[in-house]
Amino acid sequence: MVGEYWGRNAMFGIAPLAGERTYWFSVHASDLAEPIDAEAAFAQAAERFTRAAPAVRELLANGAADTVPTRLWTTLPMSRYVNGRYVVIGDAAHAMMPNLGRGACSAIVDAATLAAAMNRGQGLSRWEARRVPATQLARLGSGALMRLAVQRLA
């Protein structure tokens, strides 16, 4: 099973992992307090998605084993990732919604391009000038796609 399932005010994503495990996420309104109880989060998702696509219902019918609930967090827009000798990269600079599948990739590219810039003796400002527009655009795009995915349909 793999896919992203959009519904009224909710979304569900499924991706296979090694060892016959599955990564899944649900996006829906939740009143669960921190720290999030895994059983309660699973039960809430199962209740919210009772009329979802068959793949979603099948996954949720298998129980809450190994469920690790987390909230989705994003960052506010940032115009700079460098302050003196300090640099922020990855989610600290541009945390985004999972829709584009770009969060981890962007973090890896941040690290690789920063290392390359340092090895070539380029200044941090040059690296920042290339990375900020691309990553902030991806952050905005992921948020726009999330809003579209969970909009209330008539």
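Above this text sits the structure in question.
Let us look at the structure shown here. (Residues numbered from 1 in each chain as written. Predicted model: local features only at pLDDT ≥ 70, side-chain atom pairs only at ≥ 80, totals over all residues. Heavy atoms only, no water.)

**Quick notes on the packing of aromatic side chains**
In this structure the tally under the stated criterion is five aromatic pairs. Relative to F25, the ring of Y23 lies with its centre 6.1 Å away and its plane at 45°, an arrangement referred to as tilted. Where W24 meets F42, the ring centres are 5.9 Å apart and the plane angle is 80°; that geometry is what we call edge-to-face. Of this pair, W24 sits in strand β3 (residues 21-27) while F42 sits in helix α1 (residues 38-48), and the two are 18 residues apart along the sequence. (Phe/Tyr/Trp six-rings, centres within 6.5 Å; stacked < 30°, edge-to-face > 60°. Helix = DSSP H or I, 4+ residues; strand = E, 2+ residues; numbered from the N terminus.)

**Here's the deal with the pattern of salt bridges**
Across all of its chains, the model carries one salt bridge by this definition. When the shortest N-O distance is used, the salt bridge between D110 and R131 registers 2.8 Å. You can see D110 sitting in helix α4 (residues 103-119) and its partner R131 sitting in helix α5 (residues 124-149), a full 21 residues away along the chain. Exposure remark for D110: the relative accessible area of 0% places this residue in the buried category. (Salt bridge = Lys/Arg side-chain N within 4 Å of Asp/Glu carboxyl O. Buried < 20%, exposed > 50% of the residue type's maximum accessible area, 1.4 Å probe, protein only.)

**Let's talk about the pairing of strand β2 (residues 10-17)**
Of the pairings in the sheet, the one linking strand β1 (residues 3-7) to β2 comprises five bridges and is antiparallel in character. Note on β2: the bridge partner recorded for G3 is I14. The antiparallel pairing of β1 with β2 creates a hairpin that spans two residues between the two strands, and N9 there sits at a positive phi of about 60°. Where β2 and β3 come together, seven bridges link them in antiparallel fashion. Residue pairing across strands places F12 opposite S26, the latter belonging to β3. Taken together, β2 and the strand that follows it, β3, pair antiparallel across an intervening segment of three residues, in which G19 is found at a positive phi of about 75°. (Pairing = 2+ DSSP bridges.)

**Some points on the sheet that holds β3**
Strand order in the open sheet formed by three strands is β1-β2-β3, with antiparallel pairing between adjacent strands. Strand pairing shows two members of the sheet lacking a second neighbour, β1 and β3, which therefore form its edges. Going across the sheet, the axis of each strand differs from the next one's by a mean of 10°, ignoring polarity. Set on the sheet, α5 makes contact with β1, β2 and β3; between it and β1 the angle comes to about 55°. (Axes fitted to C-alpha atoms, helices over the stretch in contact; angles between N-to-C directions. Contact = heavy atoms within 4.5 Å.)

**A short note on unusual backbone geometry**
Leave glycine aside and you will find that most residues have negative phi; peptide bonds, for their part, are mostly trans. Of note, the bond from E34 into P35 is cis; its omega dihedral lies within 30 degrees of zero at -10°. Here P35 shows up in the loop between β3 and α1. In this structure, N9 is a non-glycine residue whose phi angle is positive, near 60°. Along the chain, N9 falls in the loop between β1 and β2. Under the relative-accessibility criterion, N9 is labelled partly exposed at 31%. Positive phi, close to 55°, is recorded for E20, a residue that is not glycine. When you line up the elements, E20 lands in the loop between β2 and β3. What makes E20 exposed here is its relative accessible area of 84%.

**Points about α1**
Residues spaced three or four apart along an α-helix face the same direction, because each turn holds 3.6 residues. Those residues of α1 that sit buried are A41, F42, Q44 and A45. Projected onto a plane normal to the axis of α1, the buried residues spread over an arc of 160° and lie on a single side. Exposed and oriented more than 90 degrees from the buried face of α1 are E39 and E47. Those residues of α1 that are buried are in contact with β3 and α2 (54-61). (Arc of directions from axis to C-beta.)

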